[in-house]
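Observations on the model geometry
Each chain, written out:
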Amino acid sequence: MVTSHGCVMLLAVSMHLVLLLGSATSSQCAYKCTCNETTIKCSEKQLRTIPDFKRVDLQPDTIDLSNNNIEEVNEYSFVNPKLQKVKYLELCDNKIFNVNRLAFTILTDLEYLDLSNNQLDEIPSEVVEKNTKLLELNLSNNLFGLNTPTIVSASVMVLDLSSCKLETFTEDNLKVTPKLQALYMHVNNFHHLDYHVFRHSSLKFLDVSYNPWKCHCDTIKFFEHLIKFGLTRLQRNVQCLHSNKLFEDIYGPNGPLANNFCSKKLHFTNHEPASQKVATKNDVEPAENNEVSKSPTGTYPESIANLVMHFEVIVITGIASVIIVVSLITLAVVVRRTHPVPHTVYREVPTAATFL
C-alpha cells in the first residue's frame, strides 16, 4: 500500500524528470528557434543578430534564418562543430551589410547558401572558398553596383547575381569559379559585355535579360555569339536603350531584326514593354523591401504634347470646313435671288386612258 509520503515522493521525482527533459530539449535549440532532427527554423522572429548556436546538440541539415533583421554574419556565427552537416543555409530577406570571410568555414558540408535580398555592397572573394561541397550561391537583390563579386570556389555550379545593379563583369570575375555552369545576371545595369569573357568558360547557361544594352553593333554581335555557343535562349526580343531614354528591339529569338542591323535607322518606341522594366542605379529600394523599383522612361510629356498638337490640327480643320460650307450656301442663295429660274409650263402627258 502506497502511503501519502510515498505519493509525494513519486510526484516530486516525476516533476524533476519532466524539468530535466524540458531542459535537455531547450538546450538543443537556439533562442527563439524551433528544432527537430533535421531543421533549425528561426525565420520571421525579428532577430537582429544570429542566435547563439553553441549549445545546439543536434546535427541538422537545414538552418533557416530568413525574414529577420539580421545585419551581420561574423566568424563566430556558426562555430558549433555539430553544424558541420548543415547543407542548406537560408539568410535571405534580412538587412545584412557585412559578411566575414570566415563566417561559413565550419559548415564543411554546405551545398546551398542564400544571401539574397540583403544590403551587401561587397563580399569577400574567399567567403565560400573552404566550402568545397557548395553547389549553389544566391546573391541576388543586393547592392554591389561597381563592386562585382569575385567568388573563389572550386565547386559552385550555380551563381545568381541578378538585380544587383552590376555594370561590369570580366574574366577575373569568372575564372575563379571553374565549375560554374549557370550564371544569372538579369535585371542589372549592363550596357555592354565582351562575349570573350564567357567563350572559354564552363558555362552552359547565361541569363543577361532585362539590361539597358547599348544600341550598337557590339550588342548584336554579343548576342549572336551567345546563341552560337548555346549559352542563352531568347524568349522575347532584346531591347537596347538610347540616350534619349527610348527603347528599341535590336535582337530577336530568330536572330537580328534586320539584315543591315548595324547601319539601319532604328525604329524607336516611346515606352519599354511592361514585362521588360530595367533597373537603374537609383531605382533600387532599400533591401528590406525586397523589390526593384522601375524607373519611368520620361516620355509621357512628349506624348501628351503630340496629342494636343494633333487635336489642335483637327479642330482648325473642322472650323475651316464649316466656313467653306457656309460660304457655298450663301453664294447659292445670292445667285438664286439675282437670277430667278424661268417658269416652265408643263403639258399633260397622254396615256392610254386619253384615247378611250
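Residues numbered from 1 in each chain as written. Predicted model: local features only at pLDDT ≥ 70, side-chain atom pairs only at ≥ 80, totals over all residues. Heavy atoms only, no water.

Counted only if it meets this: UniProt positions are given in the numbering used here, feature names are shortened, and annotations may be inferred rather than shown by experiment.
Naming follows an unreviewed UniProt entry, where the protein chain appears as LRRCT domain-containing protein of Photinus pyralis. What UniProt records for the protein chain under Subcellular location (unreviewed entry) is the sentence "Cell membrane".

**A few points about the sheet that holds strand β15 (residues 255-256)**
We apply this condition: Strands are treated as partners if at least two bridges between them are detected by DSSP. Elements are defined by DSSP. Helices are runs of H or I of four residues or more, strands are runs of E of two residues or more, and each kind is numbered from the N terminus. In what follows, residue pairs with any heavy atoms lying within 4.5 Å of each other are defined as contacts. In this description, a line fitted to the C-alpha atoms serves as the axis of each element, helices being fitted only across the stretch in contact, and the angle between N-to-C directions of two axes falls anywhere from 0 to 180 degrees.
The strand order across the open sheet built from 4 strands is β12-β13-β14-β15, with neighbouring strands paired in mixed fashion. Strands at the two margins of the open sheet, each flanked by one partner only, are β12 (213-214) and β15. Note that strand β14 (residues 247-252) and β15 share 2 bridges and pair antiparallel. Note on β15: the bridge partner recorded for Gly-252 is Gly-255. Relative to β14, helix α4 (residues 217-228) is tilted by about 30°, and along the sheet it contacts β12, β13 (238-241), β14 and β15.

**Concerning α4**
Because an α-helix completes one turn every 3.6 residues, residues spaced three or four positions apart along the sequence face the same direction. Where we set the bar: A helix is expected to span 1.5 Å multiplied by its residue count minus one. Here the term buried applies to any residue with accessible area under 20% of the maximum for its type, exposed to any over 50%, and partly exposed to those in between, with areas from a 1.4 Å probe on protein chains only.
Its 12 residues place the ends of α4 16 Å apart at the C-alpha level, agreeing with the 16 Å of an ideal helix rising 1.5 Å per residue. Listing the buried residues of α4 in full gives Cys-217, Thr-219, Ile-220, Phe-222, Phe-223, His-225 and Leu-226. Among the structural elements, α3 (196-199), β11 (205-207), β12, β13, β14 and β15 are those in contact with the buried residues of α4. Following α4 by one or two positions, Gly-230 has its phi on the positive side, about 70°.

**Thoughts on the packing of aromatic side chains**
This is how the line gets drawn: We call Phe, Tyr and Trp rings a pair once their centres come within 6.5 Å, taking the six-membered ring for Trp, and we label the pair stacked below 30 degrees between planes, edge-to-face above 60, and tilted otherwise.
Under the defined criterion, the tally for this structure stands at 9 aromatic pairs. On the numbers, 5.5 Å between centres and 40° between planes, the contact of Trp-213 with Phe-222 is tilted. Just as Trp-213 is buried, Phe-222 falls in that class too. Every member of this aromatic cluster is reached through a ring pair, and the members are Phe-169, Phe-198, Trp-213, Phe-222, Phe-223 and Tyr-251.

**Points about the sheet that holds strand β9 (residues 158-160)**
Pairing is mixed across the open sheet formed by 9 strands, whose spatial order is β1-β2-β3-β5-β7-β8-β9-β10-β11. In this open sheet, the two strands that pair with only one neighbour each are β1 (34-35) and β11.

**Focus: the environment of Phe-247**
Topologically, Phe-247 is positioned in strand β14. Classification of Phe-247 as buried rests on a relative accessible area of 5%. Considering only alpha carbons, one finds Phe-247 and Cys-215, 32 residues apart in sequence, at a separation of 8.9 Å.

**Here we look at the pairing of β14**
Among the 6 residues that make up β14, 5 are buried, leaving the element largely enclosed by the rest of the structure. Across 4 bridges, the pairing between β13 and β14 is antiparallel. Bridging across to β14, Gln-239 finds its partner in Asp-249. Linking β13 to β14, which pair antiparallel, is a turn of 5 residues; within it Lys-245 sits at a positive phi near 70°. What sits between the antiparallel neighbours β14 and β15 is a turn of 2 residues.

**Things to note about the pattern of salt bridges**
Between side chains of opposite charge, pairing is possible as soon as their charged atoms come close. Worth spelling out the cut-off: The salt bridge definition used is simple: a Lys or Arg side-chain nitrogen within 4 Å of an Asp or Glu carboxyl oxygen.
On inspection of all chains with the given rule, the structure shows 6 salt bridges. A salt bridge links Lys-85 to Asp-109, with the shortest nitrogen-to-oxygen separation between them at 3.8 Å. You can see Lys-85 sitting in the loop between β4 (72-73) and β5 (88-90) and its partner Asp-109 sitting in the loop between β6 (98-99) and β7 (112-114), a full 24 residues away along the chain. Its relative accessible area of 44% is what places Lys-85 among the partly exposed residues. The closest approach of N and O atoms between Asp-172 and Lys-175, which form a salt bridge, is 3.2 Å.

**Some remarks on a nonpolar patch on the surface**
Heads up, the condition is: Nonpolar side chains (Val, Leu, Ile, Met, Phe, Trp, Tyr) are joined into patches within 5 Å and like charges within 9 Å, using only residues with over 30% relative accessible area and no salt bridge. Under the convention used here, a 1.4 Å probe and the Shrake-Rupley method define accessible areas, while residue burial counts only the protein chains that appear.
Judged by side-chain polarity, Val-315, Ile-319 and Ile-323 come together as a nonpolar surface patch covering roughly 260 Å² of accessible area. When you line up the elements, Ile-319 lands in helix α5 (residues 300-338).

**Considering the nonpolar core**
Put simply, the rule reads: Among buried residues, the Ala, Val, Leu, Ile, Met, Phe, Trp, Tyr and Cys ones that are joined through side-chain atoms within 4.5 Å form a nonpolar core.
Among the nonpolar cores identified, the biggest contains 65 residues, and Phe-53, Phe-78, Phe-104, Met-185 and Phe-198 are the most heavily contacted of them. Elements with a contribution of two residues or more to this core: α3, α4, β13 and β14. Considering each element in turn, this core owes the most residues, 4 residues, to α4. With residues near it in sequence (within four places) discarded, Phe-104 still touches Val-73, Phe-78, Leu-89, Leu-91, Val-99, Leu-113, Leu-115, Val-127, Val-128 and Asn-131.

**Here we look at the state of the cysteines**
Here is the rule we go by: For the purposes of this analysis, a disulfide is any pair of cysteine sulfur atoms at a distance within 2.5 Å.
For the structure on display, the rule yields 3 disulfides. At a sulfur-sulfur separation of 2.0 Å, the disulfide partner of Cys-33 is Cys-42. Looking down the S-S bond of the Cys-33 and Cys-42 bridge, the torsion is 115°, so its handedness is right-handed. For the pair formed by Cys-33 and Cys-42, the shared burial category is buried. Put simply, Cys-215 and Cys-240 are joined by a disulfide, and their sulfur atoms are 2.0 Å apart. Handedness of the Cys-215-Cys-240 disulfide follows from its S-S torsion of about 100°: it is right-handed.

**What about unusual backbone geometry?**
In this model, Asn-117 sits at a positive phi of 55°, which is unusual for a non-glycine residue. With respect to the helices and strands, the residue Asn-117 is situated in the loop between β7 and β8 (136-138). On the basis of relative accessible area, Asn-117 is assigned to the buried category, the value being 12%.

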